[in-house]
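# Coordinate inspection notes
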Amino acid sequence: MSFPENFTPELVVESPGRINLIGEHTDYNLGYVVPTAIEKKITFKFKRNHTDKECNLYSLGYNTGFTFQLDKIAKSNVEWENYILGVLNEILLRTDKLRGFDCTIESKLPMGSGLSSSAALECGLAFGLNELFDLGLSKMDIVLLSQKAEHTFVGTQCGIMDQFASVMSEKGHVILLDCQSLEHQQIPIQIDPYKMIMLNTKVSHNLASSEYNTRKRECEEGVAILQGHYPEVTSLRNANNEMLEVCKSEMSATIFKRCSFIINENDRVLKTANALKSNDLNLFGALLYEAHEGISKLYEVSCPESDFLVDFSKQYDAVLGARQTGGGFGGCTLNIVHKDKVDDFVEAASKAYKAAFNIELDAFEVKPSAGTYIQN
Ligand code: GLA
């Protein structure tokens, strides 16, 4: 399919990626996370085409598109199409106001790099269609239906963090989100003279076919064992280290490690939120290093490339902390680097990374940014 060259959009929507400062894999365990949207985003251009059900989607990056009918939505064999089709399916379950539309998608978000291009794709589409057809969906509806689309059409049993961050973020703030109650606080973040520098390992994961769903099942197994002693424990969110010790002998070493990581990661999230509120950047940095240790050794969702970059950063006094961010198995590391030393650090890390893995490192700064919005 090729897209008409004279495509004039009625509506342009910007849908950002996100970083997660801390709280990895805690969302589907109903714990806490501290994400925020970033400036890198996906741009959607929409136009109603005045048909009842024909939809044309075109990806400018992939230079490819597809056409489908609203009354014949089904899973596709092409992975990225399922993010779109899954969202459409969820919208159609909630409203009959949707009609035919044309849409182009242009992404500045590297896929599979732990910056949640998938949530940006889902939420940007839902946000735009809500506006275009006056569907009456709230922001929270958009978050929840996008998460559901990922469960049903893509096959990743993801938590709520990515979609929440992509839609709800505010410029200059990070979100402390309670993934159980969905209560959240916008925390203003001021880390000057430091900057948040991302190093993209360029090792990309595919969560749907990766260990992600296995981790979720392992945590559920842990909860089932804990419940035998503590019926009140319905998720790892309400378990603690003492409880885990009591149940240790009934668990495999793997299940124990997974549970231990989640329990301590939740604790680190709350400590991080306090450190950010009181501007204790040294503590923030130390918690990032501690988190990476758990990601790598206990939850086992890191990779040699991410471990290398985090270890490398430890030689630099100008780096307060670093860790792999996102679902895991590659993607980006987040580094808190003194602004005067960013260039030196990036240059040295790039050289060392190239020597170790023969991969050109990509480095960029991120700033807490606004969630999904309409471009005027
Ligand atoms: C992916 C998922 C999120 C979250 C992270 C890990 O990004 O989509 O829900 O679980 O991994 O923290």
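Right, let's walk through the structure included here.

Rules of the game
Residues numbered from 1 in each chain as written. Predicted model: local features only at pLDDT ≥ 70, side-chain atom pairs only at ≥ 80, totals over all residues. Heavy atoms only, no water. Helix = DSSP H or I, 4+ residues; strand = E, 2+ residues; numbered from the N terminus. Rg over C-alpha atoms; globule rule 2.2 N^0.38 Å. Buried < 20%, exposed > 50% of the residue type's maximum accessible area, 1.4 Å probe, protein only. Areas by Shrake-Rupley, 256 points an atom, 1.4 Å probe, with all protein chains shown as cover. Lys, Arg positive; Asp, Glu negative; His and termini not counted. Charge placed at Lys NZ, Arg CZ, Asp CG, Glu CD. Core = buried A, V, L, I, M, F, W, Y, C linked by side-chain atoms within 4.5 Å. Contact = heavy atoms within 4.5 Å. Near = heavy atom within 4 Å. Polar contact = N/O pair within 3.5 Å; in protein donor to acceptor, adjacent residues only side chain to side chain. Pairing = 2+ DSSP bridges. Axes fitted to C-alpha atoms, helices over the stretch in contact; angles between N-to-C directions. Parallel < 35°, antiparallel > 145°, perpendicular 65-115°, else oblique. Left-handed = near helix turned anticlockwise from the far one by under 90°. Nonpolar A, V, L, I, M, F, W, Y, C, P; charged D, E, K, R; others polar. Phe/Tyr/Trp six-rings, centres within 6.5 Å; stacked < 30°, edge-to-face > 60°. Arc of directions from axis to C-beta. Salt bridge = Lys/Arg side-chain N within 4 Å of Asp/Glu carboxyl O.

### Overview of the overall build of the chain
Per the secondary structure count, the chain includes ten helices and 13 strands. A compact globule built from 376 residues would reach a C-alpha radius of gyration of about 21 Å, and the chain, at 21 Å, matches this within 12%. The principal-axis extents of the C-alpha atoms in the chain amount to approximately 60 × 55 × 40 Å. Among the 376 residues that make up the chain, the fraction classed as buried is 57%. When the accessible area of the chain is evaluated, it comes to approximately 15500 Å², of which 47% is carbon and sulfur surface. Within the chain, one finds 36 positive and 50 negative side-chain charges whose respective centroids are separated by 2 Å.

### Considerations on the nonpolar core
Of all hydrophobic cores here, the largest spans 79 residues; its most connected members are Leu21, Phe46, Phe68, Ile84, Leu88, Phe101 and Leu129. A per-element tally of this core places helix α2 (residues 117-132) first, with eight residues. Every residue in contact with phenylalanine 68, bar those within four places of it in the chain, is listed here: Lys53, Glu54, Cys55, Leu57, Ile73, Ile84, Leu85 and Leu88. Counting residues in each nonpolar core, the second largest holds 24 residues, with Tyr212, Ala239, Met251 and Ile262 among its members.

### Thoughts on the site of the ligand
Close to the ligand lie twelve residues; Glu24, His25, Asp27, Asp162 and Tyr212 are nearest. At 2.9 Å from an oxygen atom of the ligand is found a main-chain nitrogen or oxygen belonging to glycine 159. Contact between the ligand and tyrosine 212: an oxygen atom at 2.6 Å from a side-chain N or O atom of the residue. In isolation the ligand offers 310 Å² of accessible surface; the protein chains occlude 97% of this area.

### Focus: the sheet that holds strand β7 (residues 173-178)
Strands sit in the order β2-β7-β8 across an open sheet of three strands; the sheet is antiparallel. Both edges of this open sheet fall to β2 (32-33) and β8 (184-188), since each of them pairs with a single strand only. Direction of pairing for β7 relative to β8: antiparallel, over a ladder of five bridges. Looking at the pairing, isoleucine 175 lines up with glutamine 186 of β8. Taken strand by strand, helix α4 (residues 161-168) contacts β2, β7 and β8, and its axis lies near 140° from that of β7.

### Here's the deal with the packing of helix α8 (residues 281-297) against helix α9 (residues 304-313)
Packing of α8 against α9 leaves a shortest axis separation of 11 Å and a crossing angle of 155°. Taken together, the axis directions place α8 and α9 in an arrangement best described as roughly antiparallel. When you trace α8 past α9, the crossing you get is left-handed. Between α8 and α9, the residues in contact are Tyr289, His292 and Ser296 and Ser306, Asp307, Val310 and Ser313, respectively. Of the residues belonging to the contact of α8 with α9, the class tally is two nonpolar, four polar and one charged.

### Looking at the packing of aromatic side chains
Per the stated rule, a full pass over the model turns up 14 aromatic pairs. Measuring from centroid to centroid gives 6.5 Å for phenylalanine 46 and phenylalanine 101, while their planes differ by 55°, and the two rings are tilted. With phenylalanine 46 in strand β3 (residues 35-48) and phenylalanine 101 in strand β6 (residues 101-107), this pair connects stretches of sequence that are 55 residues apart. A single burial state applies to phenylalanine 46 and to phenylalanine 101, both of which are buried. Aromatic ring contacts, followed pair by pair, group Phe308, Phe312, Tyr316, Phe345, Tyr353 and Phe357 into a single cluster.

### Brief notes about α9
Of the positions making up α9, those classed as buried are Glu305, Ser306, Leu309, Val310, Phe312 and Ser313. Around the axis of α9, the buried residues are gathered within 160° of arc, so they sit on the same side. Against the buried residues of α9 lie β9 (194-200), α8, β10 (319-325), β11 (332-338) and α10 (342-357).

### Brief notes about the pattern of salt bridges
Applying the stated criterion to the full structure yields 20 salt bridges. For arginine 48, the salt bridge goes to glutamate 10, with nearest N and O atoms at 2.6 Å. Highlighted residues: arginine 48 in strand β3 and glutamate 10 in the segment before β1 (11-20), separated in sequence by 38 residues. For glutamate 10, a relative accessible area of 39% gives the class partly exposed. With a closest N to O distance of 3.1 Å, glutamate 290 and arginine 268 form a salt bridge. Linking glutamate 290 in helix α8 with arginine 268 in helix α7 (residues 253-277), this pair joins segments that are 22 residues apart in sequence. According to the relative accessible area criterion, glutamate 290 is partly exposed, its value standing at 42%. Assessed through its relative accessible area of 5%, arginine 268 is described here as buried.

### Considering unusual backbone geometry
Residue aspartate 192 is joined to proline 193 through a cis peptide bond whose omega torsion reads 10°. Position of proline 193 relative to the elements: it lies in the loop between β8 and β9. Its identity as a non-glycine residue notwithstanding, asparagine 358 has a phi of 55°, on the positive side. Note on placement: asparagine 358 falls in the loop between α10 and β12 (362-366). Among the residues examined, asparagine 358 registers a relative accessible area of 59% and is labelled exposed.

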